[in-house]
Amino acid sequence: MNSDLVFPPFVPHRFYRNAHLQTIVGQFHSRIKVAYQAEQHSLRLPDNDLLILHDDCPENWNPEDRVVILLHGLSGCHRSSYMIRLAHKLNEKGVRVFRLDLRGCGAGSGLAKSPYHAGNFHDLQIAIERIETLCPGSPIGIAGFSLGGTITLNYLGRKNDVSEMVDRAFVLNPPIRLSESVKMFGKPLFGHYQRHFISNLIRHVRASHHLNAHTHTISGENYPKNMHDFDNQFTAPLIGYESAEDYYSQCSPAEIMTQIDVPTLIVTAKDDPLVPVDTYSEIMNKVANHNKVTMHLTKYGGHLGFISASSTDPDARWSDWRIIDWMLSESPQGIANLVREYDRPQLAKSA
């Protein structure tokens, strides 16, 4: 694919200009129905927990061809619609795809002894090491969605030993300051999202006999009223942090993004109802001249939505095709330069 690939702006579908519609329809409705044919690999972690890696290998893939690892978001798994869509579309392009179930998610339900969280970047390292064993010589791309994007940024920015085979990353709607995203959940109009995530997370905990012993911290009179309560009473203590605030501070990637040394494109929407755009303002200035990290903020798109109007893309899933473009480009830097050229006038206006 040519490095001078056009990076089309996102124009929302006329029926889905609203951020909440983009978010709900984008995440929970998918027209692609693909039979599950992946090979599963179990990964033993240093703390004896298990991860499950789903290997979707197209017939036309050859040794040393590209591979991509996908990381899902909060309450997601390998079966999330965006994970299925991307694996299918990349497979059609001849790319081998690994869908990672974070601790206790999807096929790993009930296996993990500790909960998944934004600081699980060591788990991503273990998964990439397995991919290197399975696909020696293959360049590796990472695509992280929402919380999976936060983990991706933490891996790239906090690890001195990032795999030499990782040559690019694409991150969609990542919370980069966890505390600010949690505050968004507390706003009156966002209660539906908060209830959805809390109920799913508690169901996830109760499904695991390893974690079930801790349900007293989030049951009965201790039932969390919000995400902060859940993290303060359950997540933070189980992963070794003093409080939710300590967890948010230690595992937010905002301060370490300038340390990333792999071509990384971060795309988010100004109307994202779950990740406040204000958290990106300072970071955008810091990475404005960064030679590896590129940020692109669209006016619309919601959270993992990006359902577009008619365009030259094969379908309306704008973000899918931007990920594919990034992963298949001969030069990610060529696309990054186009994104920066497109964004420069808008940044000047907002300055």
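In what follows, the structure referred to is the one given above.
Residues numbered from 1 in each chain as written. Predicted model: local features only at pLDDT ≥ 70, side-chain atom pairs only at ≥ 80, totals over all residues. Heavy atoms only, no water.

> Explain the sheet that holds strand β2 (residues 50–56) to me, using residue names and the numbers behind them.
Read across the sheet, eight strands follow the order β1-β2-β4-β3-β5-β6-β7-β8 without closing on themselves; strand pairing throughout is mixed. At either margin of the open sheet sits one strand with a lone partner, and together these are β1 (39–44) and β8 (293–298). Sheet twist, expressed as the average angle between the axes of neighbouring strands with direction ignored, equals 20°. Sheet topology note: the strand β3 (residues 67–71)/strand β4 (residues 96–101) ladder contains five bridges and is parallel. For Leu 71, the partnering residue across the bridge sits in β4 and is Leu 100. Across the sheet, helix α3 (residues 121–134) is in contact with β1, β2, β3, β4, β5 (140–145) and β6 (166–172); its angle to β1 comes to roughly 125°. The sheet strands contacting helix α9 (residues 278–286) are β7 (264–269) and β8, and the helix crosses β8 at an angle near 140°. (Pairing = 2+ DSSP bridges. Helix = DSSP H or I, 4+ residues; strand = E, 2+ residues; numbered from the N terminus. Axes fitted to C-alpha atoms, helices over the stretch in contact; angles between N-to-C directions. Contact = heavy atoms within 4.5 Å.)

> A description of the pairing of β6 should follow, citing residues and the corresponding values.
Taken residue by residue, a regular strand's side chains alternate between the two faces of the sheet. When you tally the buried positions in β6, you get six out of seven residues, the bulk of the element. Pairing of β5 with β6, which is carried by six bridges, proceeds in the parallel orientation. The residue bridging Phe 145 from the neighbouring strand is Leu 172, located in β6. Remark: the β5/helix α4 (residues 147–158)/β6 crossover connection has right-handed handedness. As paired elements, β6 and β7 share four bridges and run parallel to each other. By the bridge assignment for β7, Val 171 is matched with Ile 266. (Buried < 20%, exposed > 50% of the residue type's maximum accessible area, 1.4 Å probe, protein only. Right-handed = clockwise from strand over helix to strand, strands pointing away.)

> Go over the layout of surface pockets, please, and point to the residues and values.
The calculated volume of the largest pocket comes to roughly 890 Å³. Along the walls of the largest pocket sit 46 residues, with Gly 73, Leu 74, Ser 75, Gly 76 and Tyr 116 positioned nearest its centre. Elements with a minimum of two residues in the lining of the largest pocket: α1 (19–28), α2 (81–92), α5 (178–185), α6 (191–207), α7 (227–239) and α8 (244–251). For the lining of the largest pocket, the element with the most residues is α6, which contributes eight residues. Across the lining of the largest pocket, the residue classes tally to 24 nonpolar, 19 polar and three charged. (1 Å grid on protein atoms, 1.4 Å probe; cavity = no way out; pocket = protein on both sides within 12 Å on 5 of 7 lines; lining within 4 Å. Points joined across faces, edges and corners; volume = space filled by probe spheres on them. Nonpolar A, V, L, I, M, F, W, Y, C, P; charged D, E, K, R; others polar.)

> A description of the packing of aromatic side chains should follow, citing residues and the corresponding values.
Under the defined criterion, the tally for this structure stands at eight aromatic pairs. Ring plane angle 40° and centroid distance 4.7 Å describe the contact between Tyr 82 and Phe 145, whose orientation is recorded as tilted. Of this pair, Tyr 82 sits in helix α2 while Phe 145 sits in strand β5, placing them 63 residues apart in sequence. Residue classification places Tyr 82 among the buried residues on the basis of a relative accessible area of 6%. According to the relative accessible area criterion, Phe 145 is buried, its value standing at 2%. In this structure, Arg 96 is placed above the aromatic ring of Trp 61, and the distance from its NZ or CZ to the ring centre is 4.8 Å. (Phe/Tyr/Trp six-rings, centres within 6.5 Å; stacked < 30°, edge-to-face > 60°. Lys NZ or Arg CZ within 6 Å of the ring centre and 35° of its normal.)

> Please provide a residue-by-residue account of the packing of α3 against α4, values included.
The interhelical angle for the contact between α3 and α4, taken along N-to-C directions, is 80°, at an axis separation of 8 Å. Considering the angle they form, α3 stands roughly perpendicular to α4. Of the residues in α4, those in contact with Phe 121, Leu 124, Gln 125 and Ile 128 of α3 are Ile 151, Thr 152, Asn 154, Tyr 155 and Arg 158. Per-class residue counts for the contact of α3 with α4 are five nonpolar, three polar and one charged. (Parallel < 35°, antiparallel > 145°, perpendicular 65-115°, else oblique.)

> Which residues make up unusual backbone geometry, and what values do they have?
Backbone geometry at Ser 75 places phi at a positive 70°, although glycine is not the residue there. Topologically, Ser 75 is positioned in the loop between β3 and α2. Judged by its relative accessible area of 28%, Ser 75 falls in the partly exposed class. We note that Leu 304 has phi near 60°; this positive angle belongs to a residue other than glycine.

> Describe empty space enclosed by the protein, with residues and values.
Counting across every chain of the model gives one cavity of 30 Å³ or more. Within this model, the largest cavity holds a volume of roughly 30 Å³. Taken together, Tyr 82, Arg 85, Phe 145, Leu 172, Leu 304, Gly 305, Ser 319 and Asp 320 form the lining of the largest cavity. Where the lining of the largest cavity is concerned, the elements lending two or more residues are α2 and α10 (318–328). Partitioned by chemical class, the residues of the lining of the largest cavity number four nonpolar, two polar and two charged.

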